Amino acid sequence: MDKLQNTTRDIARELARKYSTMTHDELDILESVLVPRKYAKGEMILREGQICEDIFYIDKGLIRQFYYKNDKELTEHIGSDGEIFMCIESLFREEPTHLQVEALEPCIIYSLPKLRLEQVALHNVNIQILYRKILEESLIISQIHADLVRFETAQNRYLRLCKMKPQVVLRAPLVYIASYLQMTPETLSRVRASTLLV
């Protein structure tokens, strides 16, 4: 492991700082739940038809969640360093997912297996809080995206994304950003050009 890379302990601390306060013992337990994984650019993290059994935390890298509709790929979510992602319906219903997750860059991702997390949460209030806050955040992110594409103009969608996820705008291929914002790549190019003139 190179010196620049975070350890499992670092990630446990980061999650605790973001979602809940924890005792030293609770940090030990959270650390024991985390499973580090590496993915190459273009590698699939989750495929359609698999059951999502984990909550994922991106230490480094960029991912996209997408699905197929009428033979077209539609991007539902793009996540970068320090973000959580999951296929929430598959995770809780324990049913195959329609979503797929692809690494858009080389990724270091830590998974939190749901069953293990629920077991330790039964006996640790702060881990319960962390689990709840992660789920709340996931639902809020989904709602923000739904509202964005329902109510905002193409230009406002792009500007909000620049504000909310600057790393995604800088690093993700335009074709996926356009799909995420529910516009064509041509519309996105026009919107980007017009925002540069503002």
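What comes next is a walk through the structure.

Each value, and the rule that gives it
- Residues numbered from 1 in each chain as written.
- Predicted model: local features only at pLDDT ≥ 70, side-chain atom pairs only at ≥ 80, totals over all residues.
- Heavy atoms only, no water.
- Helix = DSSP H or I, 4+ residues; strand = E, 2+ residues; numbered from the N terminus.
- Rg over C-alpha atoms; globule rule 2.2 N^0.38 Å.
- Buried < 20%, exposed > 50% of the residue type's maximum accessible area, 1.4 Å probe, protein only.
- Contact = heavy atoms within 4.5 Å.
- Pairing = 2+ DSSP bridges.
- Axes fitted to C-alpha atoms, helices over the stretch in contact; angles between N-to-C directions.
- Parallel < 35°, antiparallel > 145°, perpendicular 65-115°, else oblique.
- Left-handed = near helix turned anticlockwise from the far one by under 90°.
- Nonpolar A, V, L, I, M, F, W, Y, C, P; charged D, E, K, R; others polar.
- Salt bridge = Lys/Arg side-chain N within 4 Å of Asp/Glu carboxyl O.
- 1 Å grid on protein atoms, 1.4 Å probe; cavity = no way out; pocket = protein on both sides within 12 Å on 5 of 7 lines; lining within 4 Å.
- Points joined across faces, edges and corners; volume = space filled by probe spheres on them.

## Looking at the overall build of the protein
Looking only at helices and strands, the protein features nine helices and eight strands. By the compact-globule yardstick of 16 Å for 198 residues, the protein fits well, its C-alpha radius of gyration being 18 Å. Projected onto the principal axes, the alpha-carbon positions of the protein cover approximately 55 × 35 × 35 Å. Within the span of the protein, comprising 198 residues, buried residues form 46% of the whole. Of all intrachain contacts in the protein linking residues separated by at least 6 positions in sequence, the fraction that spans at least 24 positions is 71%.

## Things to note about the sheet that holds strand 4 (residues 62–69)
If you trace the four strands from one edge of the open sheet to the other, you get 2-7-4-5, paired in antiparallel fashion. Each having just a single partner strand, strand 2 (44–46) and strand 5 (72–80) make up the two edges of the open sheet. Within this sheet the neighbouring strands show an average axis-to-axis angle of 30°, counted without direction. Pairing of strand 4 with strand 5, which is carried by eight bridges, proceeds in the antiparallel orientation. Counted as the bridge partner of Leu 62 is Ser 80 from strand 5.

## Some words on the packing of helix 5 (residues 125–151) against helix 6 (residues 154–164)
Where helix 5 contacts helix 6, the axes come no closer than 10 Å and their chain directions differ by 155°. Classified by the angle their axes make, helix 5 and helix 6 are roughly antiparallel. With respect to the hand of their crossing, helix 5 and helix 6 are arranged in right-handed fashion. Residue-level contacts link Ile 144, Leu 148 and Val 149 of helix 5 to Arg 157, Arg 160 and Met 164 of helix 6. Here the residues of the contact of helix 5 with helix 6 sort into four nonpolar, no polar and two charged.

## Looking at the pattern of salt bridges
Evaluated as defined, the whole model comprises 15 salt bridges. Here Asp 28 ties to Arg 9 by a salt bridge, and the two come within 2.7 Å at their closest N and O atoms. With Asp 28 in helix 2 (residues 24–33) and Arg 9 in helix 1 (residues 8–19), the pair connects residues that are 19 residues apart, well separated along the chain. Classification of Asp 28 as partly exposed rests on a relative accessible area of 35%. With relative accessibility at 12%, the residue Arg 9 sits in the buried group. With a closest N to O distance of 2.4 Å, Glu 14 and Arg 17 form a salt bridge. Remark: Arg 17 and Glu 14 occur in helix 1; sequence separation between them is three residues, near one turn of the helix. Three or more residues are tied together by salt bridges with common partners; here these are Arg 9, Asp 28 and Glu 31.

## With respect to the layout of surface pockets
Within this model, the largest pocket holds a volume of roughly 810 Å³. At the level of elements, strand 4, strand 5, strand 6 (84–85), helix 3 (88–93), helix 5 and helix 8 (174–180) are the ones that each hand at least two residues to the lining of the largest pocket. For the lining of the largest pocket, a count of residues per class yields 18 nonpolar, twelve polar and seven charged.

## Thoughts on the side chain of Ser 179
Looking at the element boundaries, Ser 179 is found in helix 8. Here Ser 179 falls in the buried class, since its relative accessible area comes to 15%. Dropping the residues within four chain positions of it, Ser 179 is found in contact with Glu 73, Leu 74 and Thr 75.

In short, geometric facts, not functional conclusions.
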